[in-house]
Amino acid sequence: MPRIRAKVFVAQFILCLAPLLLTSHDSEIAVLAAATPLQVSDSSVDVQKADDLFERQKWSEARAHYDSIKASNSETKRHIASRTIVCSLNLEDWNDALQRAVRFKKTQKLKIWSAWPGYYYWPQRDPKLDKLLNYIAHLEVTRNLLVTIRGKYTSDKGDEFQNRLDEETISLNFEMLRVLDPDNIRPQEYGGWNSGYDSIDWWWEGVRSADDSDRRYYRYGKGVPANSENGPVFLSTPAQYNSELTRAKKILFLLKEIQGIDHTKSKKHTARTLLHRADLNRRLYGPIKDPAWRKAVFYYQYADRPTFGKSRNDASLKPLQKLEDNESRLIVRINLIEKSITVEIPSCGGCF
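Cut-off values and rules
Residues numbered from 1 in each chain as written. Predicted model: local features only at pLDDT ≥ 70, side-chain atom pairs only at ≥ 80, totals over all residues. Heavy atoms only, no water. Helix = DSSP H or I, 4+ residues; strand = E, 2+ residues; numbered from the N terminus. Buried < 20%, exposed > 50% of the residue type's maximum accessible area, 1.4 Å probe, protein only. Salt bridge = Lys/Arg side-chain N within 4 Å of Asp/Glu carboxyl O. Axes fitted to C-alpha atoms, helices over the stretch in contact; angles between N-to-C directions. Parallel < 35°, antiparallel > 145°, perpendicular 65-115°, else oblique. Left-handed = near helix turned anticlockwise from the far one by under 90°. Contact = heavy atoms within 4.5 Å. Nonpolar A, V, L, I, M, F, W, Y, C, P; charged D, E, K, R; others polar. Core = buried A, V, L, I, M, F, W, Y, C linked by side-chain atoms within 4.5 Å.

Draft legend 1. Quick look at unusual backbone geometry. Look at Glu92: it is not a glycine, yet its phi comes out positive at around 55°. Structurally, Glu92 can be placed in the loop between α4 (74-90) and α5 (94-105). Glu92 sits in the exposed class, given a relative accessible area of 57%. The phi angle at Lys267 is positive, at roughly 55°, despite the residue not being glycine. For Lys267, the position within the fold is in the loop between α8 (247-260) and α9 (268-285). With a relative accessible area of 40%, Lys267 lands in the partly exposed category.

Draft legend 2. A look at the pattern of salt bridges. Overall, the coordinates contain 13 salt bridges when judged by the stated rule. Across the salt bridge formed by Arg83 and Glu55, the nearest N and O atoms sit 3.7 Å from each other. Remark: Glu55 occurs in helix α2 (residues 44-55) and Arg83 occurs in helix α4; sequence separation between them is 28 residues. Of the charged contacts, one joins Asp181 and Arg283 as a salt bridge, the two residues approaching to 2.6 Å between their closest N and O atoms. Within this pair, whereas Asp181 is found in the loop between α7 (160-180) and β1 (224-225), its partner Arg283 is found in helix α9, the two being separated by 102 residues in sequence. In this structure, a network of salt bridges that share partners links the residues Arg63, Asp67, Asp93, Asp96 and Arg100.

Draft legend 3. Structural view of the packing of helix α6 (residues 128-152) against α7. Look at α6 against α7: their axes get within 10 Å of each other, and the N-to-C directions meet at 160°. Between α6 and α7, the interaxial angle falls into the category roughly antiparallel. Where α6 crosses over α7, the handedness of that crossing is left-handed. Contacts between α6 and α7 involve Leu132, Tyr135, Ile136, Leu139, Glu140, Thr142, Arg143, Leu146, Ile149 and Arg150 from the first element and Phe161, Gln162, Leu165, Asp166, Glu168, Thr169, Leu172, Asn173, Glu175, Met176, Val179 and Leu180 from the second. Here the residues of the contact of α6 with α7 sort into 12 nonpolar, four polar and six charged.

Draft legend 4. Structural view of the nonpolar core. Of all hydrophobic cores here, the largest spans 53 residues; its most connected members are Leu132, Ile149, Val179, Trp203, Trp204, Leu235 and Ile251. Looking at this core, the elements with two or more residues in it are α4, α5, α6, α7, α8, α9 and β2 (327-334). Per element, the largest residue contribution to this core is nine residues, and it comes from α7. Leaving out residues up to four positions away in the same chain, Val179 has contacts with Leu110, Trp113, Trp122, Leu132, Tyr135, Ile136 and Leu139. If you look at the next biggest cluster of nonpolar residues, it comprises 10 residues, including Trp59, Ala62, Tyr66 and Ile80.

Just geometry here; none of it tells us what the structure is for.
As structure tokens, then:
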């Protein structure tokens with residue numbers, strides 16, 4: 001009997017409390033609805049109306065109307081992000097413009113690689129390659145937005161907003177470097193003939209002398225293209241960035257730009273770029289493509305000690321064990337004939 005009375009009391013309490021709960025919930029919804037702008041479709045009519053306000057330089061009204069459009073495709077999202085940022089810049093709402101660019105960057109993520117370290121690579125086939133290229137295009141759109149903000153903002157260097165803009169640009173550049181050169185993240189463990197590096201022949205795209213190759217050393221890469229003086233080619237950094245640049249040119253520009261806007265006392269961002277470039281130098285001009293060096297590495301891993309057999313050295317070349325820290329033996333292609341030479345590699349800073 002007491003249990004029945006308790007249940008009846010609980011039921012009556014809930015019935016009495018329900019109207020109060022509903023009233024409170026309704027009031028919360030009303031507040032949320034008032035704070036949230038009306039979401040409409042991304043039809044051409046809505047976009048056209050916002051564009052009309054934009055063309056008439058009604059910056060505040062245009063931005064508000066763009067914000068009310070619920071974009072469902074990437075093209076419309078890019079259009080809205082670009083136009084709203086221009087509106088904020090004309091309103092001198094610098095923080096809002098930067099926040100919009102950062103939010104746009106986060107609207108797309110790349111998920112083609114395993115979470116395990118060492119499984120980053122440049123895919124050779126669809127559909128992963130298409131996803132990667134689309135993501136790079138998305139990052140380049142974000143970069144254009146940041147460039148637009150930088151071009152409009154006029155103030156003394158070193159102020160708070162300028163530093164935030166530089167930090168966001170550096171963050172974006174490092175993300176672009178991650179996807180443009182995924183081989184920079186090497187496997188933690190490797191053995192046998194595997195050096196831990198994939199081929200980097202893509203670096204020489206657009207270099208005329210890079211078309212020559214010799215099948216004798218194809219498994220180690222095509223070698224380094226030769227310049228007019230029959231020496232190894234060192235690519236120069238482009239003055240400006242554009243989407244038509246090769247992967248190598250994009251990487252060189254992004255690395256140099258980070259160095260120019262790194263305002264940290266420790267220069268931590270510059271240090272990362274120098275480390276990346278040192279890794280590039282190792283892959284491009286290091287002894288990795290020297291068959292004798294590969295054999296030496298294999299037997300070092302096999303015997304746990306270095307071996308310096310005569311078969312690993314060419315009489316015309318400096319022995320591997322006598323190379324200086326800034327020297328390397330590599331294959332340079334000259335008129336379809338590959339020859340091994342010993343070269344001095346410029347320092348990381350001098351390569352830019």
